[in-house]
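An overview of the molecular structure
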Amino acid sequence: MPNMNMVESVNSALDTMLSNDEDVIIFGEDVGYFGGVFRTSDGLQEKFGKHRVFDSPLSEGGIAATAFGMGINGLRPVVEIQFADYIFPAYDQIVNEMAKVRHRSGGEFWCPVTIRTPAGGGIRGGHHHSQSPEAQFTHTPGLKVVYCSTPYNAKGLLISAIEDNDPVIFFEPKRCYRGPFYGDPHNVPTWGGHPEAEVPESHYSIPLGQARLALEGNDCTVIAWGAMVHVCEQAIKDSGISCDLIDLQTLVPWDKEAIEESISKTGRCVIVHEAPKTSGFGAEMVASIQERCFWSLESPIERVTGWDTPFPHTTEWDYMPGPDRIAAAIAKTQEN
Amino acid sequence: MAGDSSDIPLHIPDAPHRPGDESEFTDWPWKPEDLGMLEMDCSAEESSEHATGLVRVLGDDNSASGKWNPNLSPEDLKMGLEYMLRLRIFDDRMMKMQRTGKLSFYMRSFGEEAVAIAQTMALETQDWLFPTYRQPGAQFVRGRDMVSMICHCIGNEEDNVKGRQMPVHYTYKEGRFISVSSPVGTQFSQAVGVALASRYKDLDEVTITWIGDGASAEGDYHYALNFAAIFKAPVILNVVNNQWAISTHSNFASGLQNFAIRGIPYGIPSIRVDGNDFLALFSVTRWARERASMGLGPTHIEVLTYRAGAHSSSDDPSRYRPHDENEYWPGGDPIDRLKDHLISIGEWTEKDHDELSEKLDSEVMGAYKEAVKFGDLANGPYPSSDAIFTEVYETPPWHLMEQWEEMKKWRDE
Ligand SMILES: Cc1ncc(C[n+]2csc(CCOP(=O)(O)OP(=O)(O)O)c2C)c(N)n1
Ligand SMILES: [Mg+2]
């Protein structure tokens, strides 16, 4: 099986879907001739033609609206928002239009659009190239929200997202495009040799709504998504505590069986995300877990998140949750 | 390649030249004598020739002529030349610093130096500048010290925005240069608000703003034109058409191949100007300022130029356009053109130019050396990470105070 980094596996998913379904059409800023600023659509215009993979005007609102129109008229657009920070000009089209059209039209119209967007920090991108705005979308009924973390799940989840008949926001942790990220900025591994970098060339899918058990243990359930999955892996190693590490993969709808099963085993839980704490998706997880698993819990649920501030530039390592903070939270859940 | 325009069902534009093609620009028919002055109180429609033509002052031989000649003194011209040359040398030095790991990121104004410099020189010091990352040169005109600009780009302890923003996202309130924000286009409609506030306060302040050809596809561009026209805002709205938005040609930003005339149906007098012609830029901006100051409302300007360099230090344009395309751009180089003009009127020599270059080179180098005394990228000192928590609100609420304490615990451990 070929070894792919996440740029290549996203590219492979797009390639697979362009081949399998002629209603799939890809566009966004710089995605056509150039193949995307992160190179995720490299070579696809040449292979499939300018009408299948093309550049758009620099207009996120226009991209989303056009994708909406194509989607309700039988195409299956996959659009790229160059950075998740730049999704907000498209917010109205996504939240008020895409997310609601199936419902508001009595089921007569629906919008099978996938919006891919690189998200998250760790690339010295400052406020506007680092945010992780998943919670702005999980709060919108009608949208599915996916956050991949490895080359293997990126391809499998992206294929499911494209095949899904509902609009899907698909976050790609840009810090992990070329290698996993263990929370140490000076350690820059590649995906080479990582088991999650073994990616089939052919079609496969990972169902939306299914979490991945990244590590198996007994004493604590650590829940994360995106780049934080790898940081948690490091933290669990450092803590020496036996943990389930659940890579949520799909935030809406999230995998209640996987979470319930794990918490009923461990009785303890830490939730980690790099987005700010207040109204972050971690808050939703905490609330749901206490509703569903209260009698299994043996200690308060911990959250480790970005601060409630804009994402900094030079001092981003004092912002992003690191293995030390996460390991301490895991240890805290063991206290009583 | 699959999908040549002949056999595909959708119309997808393309750039005129791609790597491997011969670059040619043929349509450059404009001459300084083509266009007369416009009445200050002209209607939008009356500006249509100026929107479809091109205001030039420097002719093909770089002599100055035509009705738009601002007849600047040689001192002013030399000042403009010095600012532009300083910006180019500054940019080159910063790019070298970026290449050797001394800056994390950089963006040059290469080929577009005249834009912000001539336009800012045409304004009054009380006027507000609302730039993108491609107009840092305006700060020179407003007297900003290079050391402080470099400290920002390094993100060291003396960075006035406290390490919060990427390099080139300058803020310089003293020079009325409003903070650069990464999301492109947002400033354009905000500038209308700045201008209306000045009017409300009955102050003789004009606001100038810029947007790229690419970003003019954002809604903010259209909001700006509409609001400015309706409320007669004292604002100068410039679309800097440098023909590229990263790898995307301006063919994807407007179906017209003319950005200027888009202002006319909004009811705004609109002019296209040669963006590499210092004198024409000065003159058109001065005219727009006078209109604004007289209460006649906004002016919409297309600044026609060419992005001669890479989009940023992360970009390699030879992957999407001929590597030497800028040499074929008929608009030439703004610095060479003003220099040749000054030489032709007997006010400048090659020797003067070389001496100025040397002087500026050592000033820039000196500023860099001074700046790194306050911290370099590799070793700091950087602004304290306490700056993550300050100025999020006027006063940090309790939850930020708690998180701030927690951050310090981890940081100082
Ligand atoms: C809202 C938003 N979308 C996307 C980007 C990413 N981006 C940064 S610059 C740029 C191209 C801008 O081109 P143009 O407006 O022509 O300005 P130029 O760089 O040519 O001066 C893009 C797409 C951004 N910064 N903001
Ligand atoms: Mg441009």
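Being a predicted model, the structure only gives us computed values, none of them experimental.

Moving on, we come to the overall build of chain B. Helix and strand content of chain B: 12 helices and 7 strands. By principal-axis analysis of the C-alpha atoms, chain B measures approximately 70 × 55 × 50 Å. The buried share among the 413 residues of chain B stands at 59%. Of the contacts formed within chain B by residues at least 6 apart in sequence, a portion of 76% connects residues at least 24 apart. About 16600 Å² of surface is accessible on chain B, with carbon and sulfur atoms providing 50% of the total. Side-chain charges of chain B comprise 39 positive and 66 negative groups, with the mean position of each set lying 4 Å from the other.

A surface patch of negative charge is lined by Glu39(B), Asp41(B), Glu45(B) and Glu46(B). One can find Glu45(B) in the segment before helix H1 (48-52).

Okay, the nonpolar core next. Ile94(A), Val222(A), Ile223(A), Leu248(A) and Ile289(A) are the most contacted members of the largest nonpolar core, which has 109 residues in total. In terms of residues, this core owes the most to one element, helix H1 (residues 6-20) of chain A, which gives 7 residues. With sequence-adjacent residues up to four places away left out, Leu248(A) is seen in contact with Gln210(A), Ala211(A), Ile223(A), Ala224(A), Trp225(A), Trp254(A), Ile259(A), Phe281(A) and Met285(A). Among the nonpolar cores identified, the runner-up in size contains 78 residues, and Val55(B), Met94(B), Ala122(B) and Tyr170(B) belong to it.

In this description, an aromatic ring pair is defined by two values, namely the gap between the centres and the angle between the planes. Residues and elements named next belong to chain A. On inspection of all chains with the given rule, the structure shows 26 aromatic pairs over all chains. When the ring of Phe-88 is compared with that of Tyr-91, the centres are 5.8 Å apart and the planes differ by 65°; the resulting orientation is edge-to-face. With relative accessibility at 30%, the residue Phe-88 sits in the partly exposed group. The partly exposed category is assigned to Tyr-91, whose relative accessible area is 27%. Both rings, one in Phe-294 and one in Trp-295, keep their centres 4.9 Å apart while their planes meet at 85°; by these two values the pair is edge-to-face.

It is worth spelling out the coordination of the magnesium ion (ligand 2) at this point. Residue and element names in this part refer to chain B. Every protein donor of the magnesium ion (ligand 2) is accounted for by Asp-213 (OD), Asn-242 (OD1) and Trp-244 (O), and the metal-donor separations fall at 2.0 to 2.1 Å. In primary sequence terms, the donor set of the magnesium ion (ligand 2) follows D-x28-N-x1-W. In this pair, Asp-213 is assigned in the loop between strand S2 (207-212) and helix H7 (219-231) and Asn-242 in the loop between strand S3 (235-241) and strand S4 (244-245), connecting sequence segments 29 residues apart. A residue is classified by how much of its surface remains accessible, and Asn-242, at 5% relative accessible area, is buried.

Each partner contributes to the interface: chain A provides 45 residues, whereas chain B provides 49 residues. Between chain A and chain B, roughly 3800 Å² of surface is buried when both sides are summed, and carbon and sulfur atoms account for 64% of that area. When residues of chain A are sorted by the area they lose upon contact with chain B, Tyr33(A), Lys50(A) and Trp307(A) head the list and together hold 18% of the total. Run the count over chain A and chain B and you get 0 salt bridges.

Residue and element names in this part refer to chain A. Within strand S6 (residues 168-173), 6 of the 6 residues are buried, leaving the element largely enclosed by the surrounding structure. Here strand S4 (residues 114-119) runs beside S6; their pairing, made up of 6 bridges, is parallel. Bridge pairing in S6 links Ala-119 to Pro-173. In the sheet, strand S5 (residues 144-147) pairs with S6 via 4 bridges, with the strands oriented parallel. Bridging across to S6, Tyr-147 finds its partner in Phe-171. In this view, the connection linking S5 to its parallel neighbour S6 by way of helix H7 (residues 151-163) has right-handed handedness.

To continue, consider helix H3 (residues 113-121) of chain B. Among the 9 residues in H3(B), 9 count as buried, and that is most of the element. Within H3(B), burial applies to Glu113(B), Ala114(B), Val115(B), Ala116(B), Ile117(B), Ala118(B), Gln119(B), Thr120(B) and Met121(B).

Another aspect to go through is the site of ligand 1. Taken together, 20 residues lie around ligand 1, and Glu60(A), Tyr133(B), Arg134(B), Asn242(B) and Trp244(B) are the ones closest in. Residues near ligand 1 are shared among chains A and B, making this a multi-chain site. A distance of 2.9 Å is found between a nitrogen atom of ligand 1 and a backbone nitrogen or oxygen belonging to Ser182(B). Between ligand 1 and the protein, one listed contact pairs an oxygen atom with a backbone N or O atom of Gly214(B) at 2.9 Å. Burial of ligand 1 by the protein amounts to 95% of the accessible area it has alone, namely 580 Å². The residue makeup of the shell around ligand 1, split by class, is 9 nonpolar, 6 polar and 5 charged.

Residues and elements named next belong to chain B. Within the structure shown, the criterion is met by 42 salt bridges over all chains. Arg-18 is the salt-bridge partner of Asp-14, the closest N and O atoms lying 3.1 Å from each other. Taking the relative accessible area as the measure of exposure, Arg-18 reaches 6% and is therefore buried. Lys-359 serves as the salt-bridge partner of Glu-363, at 3.7 Å between the closest nitrogen and oxygen. With Glu-363 and Lys-359 both in helix H11 (residues 350-372) and 4 residues apart, this pair spans about one turn of that helix. Each member of the salt-bridge network shares a partner with another, and the members are Lys-31, Arg-56, Asp-60, Asp-274, Asp-277 and Arg-337.

With that settled, consider the domain arrangement of chain A. All names here are of chain A. Taken as a whole, chain A is organised into domain 1 (6-197) and domain 2 (213-333). One C-alpha centre belongs to domain 1, the other to domain 2; they are set 24 Å apart. Contact residues are listed per partner, giving 32 residues for domain 1 and 29 residues for domain 2. Taking both sides of the interface into account, the surface hidden between domain 1 and domain 2 amounts to around 2400 Å²; carbon and sulfur atoms contribute 62%. Taken together, the elements giving at least two residues each to the side of domain 1 that touches domain 2 come down to helix H6 (134-138), S5 and H7. Of all the elements, S5 adds the most residues to the side of domain 1 that touches domain 2, at 4 residues. Grouping the constituent residues of the side of domain 1 that touches domain 2 by class yields 15 nonpolar, 13 polar and 4 charged.

Structurally, Ser23(B) can be placed in the segment before H1. Excluding residues that lie within four positions of it along the chain, Ser23(B) makes contacts with His17(B), Pro322(B), Asp324(B), Glu325(B) and Tyr328(B).

A few words on unusual backbone geometry. Backbone torsion omega between Val252(A) and Pro253(A) reads -5°, so that peptide bond is classified as cis. Structurally, Pro253(A) is set in the loop between strand S10 (250-252) and helix H9 (256-266). Here Gly380(B) and Pro381(B) are connected by a cis peptide whose omega angle stands at 0°. Tracing the chain through its elements places Pro381(B) in the loop between H11 and helix H12 (398-412). Notably, Gln249(A) is not glycine yet its phi reads approximately 65°, a positive angle. Note that Gln249(A) resides in the loop between strand S9 (243-247) and S10. Note on Gln249(A): relative accessible area 2%, which makes it buried. In the Ramachandran plot, Asp202(B) falls in the positive-phi region, its phi being about 60° despite a non-glycine side chain. As for its position among the elements, Asp202(B) is in the loop between helix H6 (186-200) and S2.

Cut-off values and rules
- Residues numbered from 1 in each chain as written.
- Chains lettered and ligands numbered in written order.
- Predicted model: local features only at pLDDT ≥ 70, side-chain atom pairs only at ≥ 80, totals over all residues.
- Heavy atoms only, no water.
- Helix = DSSP H or I, 4+ residues; strand = E, 2+ residues; numbered from the N terminus.
- Buried < 20%, exposed > 50% of the residue type's maximum accessible area, 1.4 Å probe, protein only.
- Contact = heavy atoms within 4.5 Å.
- Areas by Shrake-Rupley, 256 points an atom, 1.4 Å probe, with all protein chains shown as cover.
- Lys, Arg positive; Asp, Glu negative; His and termini not counted.
- Charge placed at Lys NZ, Arg CZ, Asp CG, Glu CD.
- Patch = residues over 30% accessible without salt bridge, like charges linked within 9 Å, V, L, I, M, F, W, Y side chains within 5 Å.
- Salt bridge = Lys/Arg side-chain N within 4 Å of Asp/Glu carboxyl O.
- Core = buried A, V, L, I, M, F, W, Y, C linked by side-chain atoms within 4.5 Å.
- Phe/Tyr/Trp six-rings, centres within 6.5 Å; stacked < 30°, edge-to-face > 60°.
- Donors = N, O, S within 2.8 Å, 3.2 Å for Na, K, Ca; no water.
- Buried area = accessible area lost by both parts, 1.4 Å probe.
- Pairing = 2+ DSSP bridges.
- Right-handed = clockwise from strand over helix to strand, strands pointing away.
- Near = heavy atom within 4 Å.
- Polar contact = N/O pair within 3.5 Å; in protein donor to acceptor, adjacent residues only side chain to side chain.
- Nonpolar A, V, L, I, M, F, W, Y, C, P; charged D, E, K, R; others polar.
- Domains from an automatic or database assignment.

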